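Inside the fold
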Amino acid sequence: VFVFNYAPYEITAPVEVEFMLENQNWNEEIRYTPHVYFEGEEIACQTVKEESTLNLDWRKKVVFEGKLAPMSLTRFEIKVSKVPRTPMFSPAKACEMEEHISIGKPVFEVYDDTADPWGMSEKELKAVGENPVPLREMNTAETKDFCALDDGFAAERIIEDGTILSAYEGLYTNGKTNAVLEVKEYRHQSYVDVKATVEFAEKNKLIRIKFPLPEEFKDGVAVGDGPFVFEQKPNTECVFQKWFGVQNASGEIFSVINDGIYAGKIEDGYIHLTLLRGAGYCFHPIAGLQLYPQDRYLPRIDGGRYAFNFRIMRGSVAEIYREAELFNQKPYAVNVFPTGKEDKKFATVSLEGKVVLTNCHQNEKGEYIARVYNPAESATFRLQIGEVCVEDTAGRGEVVSVVVHNGEGKVIHDKMPV
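Let us look at the structure shown here. (Residues numbered from 1 in each chain as written. Predicted model: local features only at pLDDT ≥ 70, side-chain atom pairs only at ≥ 80, totals over all residues. Heavy atoms only, no water.)

For the rest of this paragraph, the subject is the overall build of the chain. Along its length, the chain carries four helices and 33 strands. With respect to the three principal axes, the spread of C-alpha positions in the chain is 70 × 70 × 45 Å. Counting over 418 residues, the chain shows a buried share of 45%. Put simply, the chain shows about 22400 Å² of open surface, and 49% of that area lies on carbon and sulfur atoms. Mean positive and mean negative side-chain charge positions of the chain (47 and 65 charges, respectively) differ by 3 Å. (Helix = DSSP H or I, 4+ residues; strand = E, 2+ residues; numbered from the N terminus. Buried < 20%, exposed > 50% of the residue type's maximum accessible area, 1.4 Å probe, protein only. Areas by Shrake-Rupley, 256 points an atom, 1.4 Å probe, with all protein chains shown as cover. Lys, Arg positive; Asp, Glu negative; His and termini not counted. Charge placed at Lys NZ, Arg CZ, Asp CG, Glu CD.)

A sheet is described by the order of its strands in space; here three strands give the open sequence E7-E1-E26, paired in antiparallel fashion. The outermost strands of the open sheet, each flanked by one partner alone, are strand E7 (73-75) and strand E26 (332-334). Sheet twist, expressed as the mean angle between neighbouring strand axes with direction ignored, is 25°. Here strand E1 (residues 2-4) pairs with E26 via three bridges, running antiparallel. Residue pairing across strands places Val-3 opposite Ala-333, the latter belonging to E26. (Pairing = 2+ DSSP bridges. Axes fitted to C-alpha atoms, helices over the stretch in contact; angles between N-to-C directions.)

The N-capping residue of helix H3 (residues 140-147), defined by a side-chain oxygen 3.2 Å from the backbone nitrogen of Ala-141, is Asn-139. With its phi angle positive at about 55°, Ala-148 sits one or two positions after the end of H3. (Polar contact = N/O pair within 3.5 Å; in protein donor to acceptor, adjacent residues only side chain to side chain.)

In spatial order, the strands read E4-E3-E8; together these three strands make up an open sheet with antiparallel pairing. Every interior strand has two partners, whereas the edge strands, strand E4 (41-43) and strand E8 (77-84), have only one. Strand-to-strand twist of the sheet, defined as the mean angle between neighbouring strand axes without regard to direction, takes the value 50°. Taken together, the eight bridges between strand E3 (residues 30-38) and E8 define a ladder with antiparallel strand orientation.

For Lys-176, the location among the structural elements is in the loop between strand E14 (165-173) and strand E15 (178-186). Classification of Lys-176 by relative accessible area gives partly exposed; the value is 48%. Note: C-alpha distance between Lys-176 and Asp-392 (216 residues apart in sequence) is 57 Å. Beyond its immediate stretch of four places on either side in the chain, Lys-176 contacts Glu-199, Ala-201 and Glu-202. (Contact = heavy atoms within 4.5 Å.)

In structure tokens:
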């Protein structure tokens, strides 16, 4: 298995990869279990539910924590051994999620909203939606119907539990819109991953997910990112890109990192993130006139099934920025078998310092161009591209360009060459 680390520094991170056994295993007495090796030494791994669903010992999904070299491929080996057969799908254990997860249980809420997708009233420009109603846990009959089961089960359960992580699943509804919450607690990582799947079927309503703030952050200020920006956010609903959170008096940030959420607010001790709206498609308000005709069906936006991914963590500005980059470019693992007949050289990249590498490319002149962004206080950095190493300092909020060509490197502070 080859794992590519997009980051320009070594990381130790959970890696997920799927593969097929050489042959289908129809033996009713044994099952094959994976073992992962790095440089000949076995490392901890955990087998979890694969993406496909086939009640046969054939497809495997394994999670392991690998030490990954900066911006390059790292090779792992996976071998399987025979163990006594156990049921393919073990019953998940019922639990109270709030008692098991360290971040406090996230909550889904449905709000009354307008049919106007632009939110053009003075009230809506400050925040959309009112009268929030939380989704409730499904009862046994509802879980049976929602999951198309022979029998229902408890709404909140432990679905994975092993040496790398524990995973908890919760099912929630208001009778019309349904949501699935999956929370992963890692044994050796300081963050928690959350996946929210929403089957949205509302009109003129919106849905948010909210994350409880730890006590020491409840008096903090809202902060978040933007294009090459770290800034304090307003108290009303605001926009951001990869993360949003609260900074306390000591400078620490409690953040929710995302892969596609752009609006949220801090309110009543929670981080609220807007997920979906059931406003009208291309409705446009005109003063004194009815918003839309009343004699036919008209579609609403955002209807359907959506999945959102979050990473909850606390740390400094630089740490949050770095983790947000990693979350949006997770290590990529694939079981490939290169022939080894070609010997292609490429420039490896590594970075040291409390800064972020946002881009590195080779232009038509053969120059390597890198952008280094510093979201926090002035910081020194060391960037190596191939055999060339440059050291410099990036000011607070500065984007620095590094150009490497013909074995020489230079740092440019006042313009951005392409």
